[in-house]
Amino acid sequence: MNGGLKGLEKILYGVKRGKAMLIVQKYGGTSVANLERIRAVAERIVNYKKEGHDLVVVVSAMAGETDRLINLAKQITENPPLREFDLLVSTGEQVSSALLSITLQSMGYPSIALLGYQVPIYTTDLFTKARIKEIKTEKIKESLSKGKIVIIAGFQGVTENGDITTLGRGGSDTTAVALAAALKADLCEIYTDVEGVFTADPRIVTNARKLKKISYEEMLEMASSGAKVLEMRSVELAMIYKVPLVVRSSFTNSEGTLITEEDEEMEKVLVSGITYNRNEARISIYGVPDKPGVAAKIFGPIGDKGIVVDMIIQTARPDGKADITFTVPKTDYKEALKLIEEIGKQLEAERIEGDPNIAKVSIVGAGMRTHPGVATKMFETLAKHSINIMMISTSEIKVSCVIDEKYTELAVRALHEAFKLENENSIKEEI
Ligand code: ADP
Ligand code: ASP
Ligand code: MG
């Protein structure tokens, strides 16, 4: 994997040599958890500034703050009005961006903190999961040209009507990449509490290995299947706009992981990472008519509510009926179940069943395209540990299995070991 470092070295070498660049940095919640951490972040920013770089810095809310705000609203009602909910949860980033800007100015560095609506970052009006439509860059560029460090509150935007929106959990990553794309930045650095993207969540697998680089496509599959180190939409944007993306720690000076275009080296790797997702729930609808239009009737109303269905399995039965099982985000579970109960009545379904206690474990790797044995090894490994597979789905470079939630950690560790991911060389072994 030596070649893997080259892209990153080139970029970092540029930084070291003092070539002036436009860099977008994003600091996650733990990186700005308290005033001491904010000070450390400010010092890092200042070091870049001293080398002559222009900096646009996106911040998340201080660690735990978004959860605290969500919890406040939920104490009032299970279903808070979404416009007001976004108004509330977006305030976490207002606090951290202002604090960082105050810190920088107190250190003698001119800066300006901007909220989403002040940029403006225009989004759709789907509250709690809005998508960025357009970013106006004039104000940012003007501040940069005046030598200011621009701090931007992550996770939030504004509709054309002036309503504040949020982008979904982890959305500050997306703010950062979207800004990097809009500003045509030279580099987008995502600072977090781990040293990069690992072969599995280092909190679960202690011998997980840090990847020096990974392709956009693999990272997209990892993010979409649960590796929360990067939010999925941010990877999607980075891939489309070819934003050079680095994930690294704000606690150390380690080099991090470069997310970039696939190269020959990456293709040889069978499995790059193991992911898990405990944030989905399963819904089954049994005994619906097996005829054209039924799937559309079931999934149409769910899609209309902005609920993203992940896996779907349909089984045709000998009696001319069908059973359909699918997964939705746990946060949308109750709403989806209610919708399905209504649809079930219309379709005269026999029975509806829901199970929020599931987990999805996945293996991701570009080399899977040419190695069919990978899926079998995954199934065998789960079987060896007596873990029952409830659902399976595959893509070109990913295999996912839904299992009982209580076996998540066991499954992730077993798969990490089975594919020998702790050892850089053995992952290239043929299966
Ligand atoms: P931030 O607040 O900085 O956005 P997050 O908590 O959203 O940080 O993401 C970082 C976390 O992602 C890590 O602490 C780690 O536990 C988790 N994670 C899950 N899978 C991976 C992985 N494959 N590599 C690195 N981190 C991972
Ligand atoms: N503060 C938001 C969250 O906790 C956004 C982010 O951190 O990226 O989800
Ligand atoms: Mg995050």
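Because the structure is a prediction, the values reported are computed rather than measured. (Residues numbered from 1 in each chain as written. Chains lettered and ligands numbered in written order. Predicted model: local features only at pLDDT ≥ 70, side-chain atom pairs only at ≥ 80, totals over all residues. Heavy atoms only, no water.)

## Some thoughts on the packing of helix 3 (residues 65–76) against helix 4 (residues 82–89)
Part 1 of the reasoning: Following both chains from N to C, one finds helix 3 and helix 4 inclined at 145 degrees, their axes separated by 9 Å at the closest point. Note that helix 3 runs across helix 4; the crossing there is right-handed. Listed contacts from helix 4 to L69, I70 and A73 of helix 3 are F85, L88 and V89.
Part 2 of the reasoning: Of the residues belonging to the contact of helix 3 with helix 4, the class tally is 6 nonpolar, no polar and no charged. (Axes fitted to C-alpha atoms, helices over the stretch in contact; angles between N-to-C directions. Helix = DSSP H or I, 4+ residues; strand = E, 2+ residues; numbered from the N terminus. Left-handed = near helix turned anticlockwise from the far one by under 90°. Contact = heavy atoms within 4.5 Å. Nonpolar A, V, L, I, M, F, W, Y, C, P; charged D, E, K, R; others polar.)

## A few points about the packing of helix 4 against helix 5 (residues 91–106)
Part 1 of the reasoning: The N-to-C vectors of helix 4 and helix 5 enclose an angle of 20 degrees; their axes lie 4 Å apart at closest approach. If you check the angle between helix 4 and helix 5, you find them roughly parallel. When helix 4 is examined against helix 5, the residues L87, L88 and V89 are found in contact with a partner set consisting of T91, G92 and E93.
Part 2 of the reasoning: In terms of residue class, the contact of helix 4 with helix 5 is built from 3 nonpolar, 2 polar and 1 charged. (Parallel < 35°, antiparallel > 145°, perpendicular 65-115°, else oblique.)

## A closer look at the site of ligand 2
Part 1 of the reasoning: Contacts to ligand 2 come from S60, A61, T66, E93, F155, R169, G170, G171 and S172.
Part 2 of the reasoning: Residue R169 places a side-chain N or O atom 2.7 Å away from an oxygen atom belonging to ligand 2.
Part 3 of the reasoning: Taking S172, its main chain carries an N or O atom lying 3.0 Å from an oxygen atom of ligand 2.
Part 4 of the reasoning: Relative to its unbound accessible area of 260 Å², ligand 2 is 86% covered by the protein chains.
Part 5 of the reasoning: Class assignment for the residues of the shell around ligand 2 results in 2 nonpolar, 5 polar and 2 charged. (Near = heavy atom within 4 Å. Polar contact = N/O pair within 3.5 Å; in protein donor to acceptor, adjacent residues only side chain to side chain. Areas by Shrake-Rupley, 256 points an atom, 1.4 Å probe, with all protein chains shown as cover.)

## A closer look at the sheet that holds strand 20 (residues 398–404)
Part 1 of the reasoning: With antiparallel pairing, the 4 strands of this open sheet are ordered in space as 13-18-20-19. One side of each edge strand has no neighbouring strand; the edge strands of this open sheet are strand 13 (273–277) and strand 19 (391–395). Neighbour to neighbour, the strand axes of the sheet diverge by 20 degrees on average, direction disregarded.
Part 2 of the reasoning: Alignment of strand 19 against strand 20, held across 5 bridges, turns out to be antiparallel. Across the sheet, S395 pairs through a bridge with K398, a residue of strand 20. (Pairing = 2+ DSSP bridges.)

## Remarks on the pairing of strand 13
Part 1 of the reasoning: Here strand 13 lies mainly inside the structure; 5 of its 5 residues are buried.
Part 2 of the reasoning: Residues G273, T275 and N277 point to one face of strand 13 and I274 and Y276 to the other, with burial holding for every one of them.
Part 3 of the reasoning: With 5 bridges joining them, strand 13 and strand 18 (residues 358–364) adopt antiparallel strand pairing. Within the sheet, the bridge partner assigned to Y276 lies in strand 18 and is V361. (Buried < 20%, exposed > 50% of the residue type's maximum accessible area, 1.4 Å probe, protein only.)

## Digging into the side chain of T103
Part 1 of the reasoning: Inspection of the secondary structure assignment puts T103 in helix 5.
Part 2 of the reasoning: The class for T103 is buried, based on a relative accessible area of 14%.
Part 3 of the reasoning: Engagement of the side chain of T103 in a polar contact is seen with the backbone oxygen of L99, the distance being 2.7 Å.
Part 4 of the reasoning: With residues near it in sequence (within four places) discarded, T103 still touches I38, R39 and A42.

## Points about the confidence of the model for the chain
Part 1 of the reasoning: Across the chain, pLDDT averages 93, with 94% of residues at or above 70.
Part 2 of the reasoning: Considering only residues more than four positions removed or in separate chains, one finds that residues 1–7, a stretch of pLDDT under 50, has 10 contacts. (pLDDT = per-residue confidence, 0-100.)

## Some remarks on the site of ligand 1
Part 1 of the reasoning: For ligand 1, the set of nearby residues contains 18 residues, the closest of which are T192, D193, F198, D201 and R203.
Part 2 of the reasoning: Residue F198 places a main-chain N or O atom 2.9 Å away from a nitrogen atom belonging to ligand 1.
Part 3 of the reasoning: Within the contact set of ligand 1, an oxygen atom lies 2.6 Å away from a side-chain nitrogen or oxygen of R203.
Part 4 of the reasoning: In the complex, 89% of the free accessible area of ligand 1, which totals 570 Å², lies under the protein chains.
Part 5 of the reasoning: Residue composition of the shell around ligand 1, by class: 9 nonpolar, 4 polar and 5 charged.

## Observations concerning the sheet that holds strand 15 (residues 312–316)
Part 1 of the reasoning: The sheet built from 4 strands is open, its strands ordered 15-16-14-17 with antiparallel pairing. Of all strands in the sheet, those with a lone pairing partner are strand 15 and strand 17 (351–355), marking the two edges. Each neighbouring strand pair of the sheet contributes to a mean axis angle of 15 degrees, computed without reference to strand direction.
Part 2 of the reasoning: Here 5 bridges tie strand 15 to strand 16 (residues 321–329), and the two strands are oriented antiparallel to one another. By the bridge assignment for strand 16, A316 is matched with A322.

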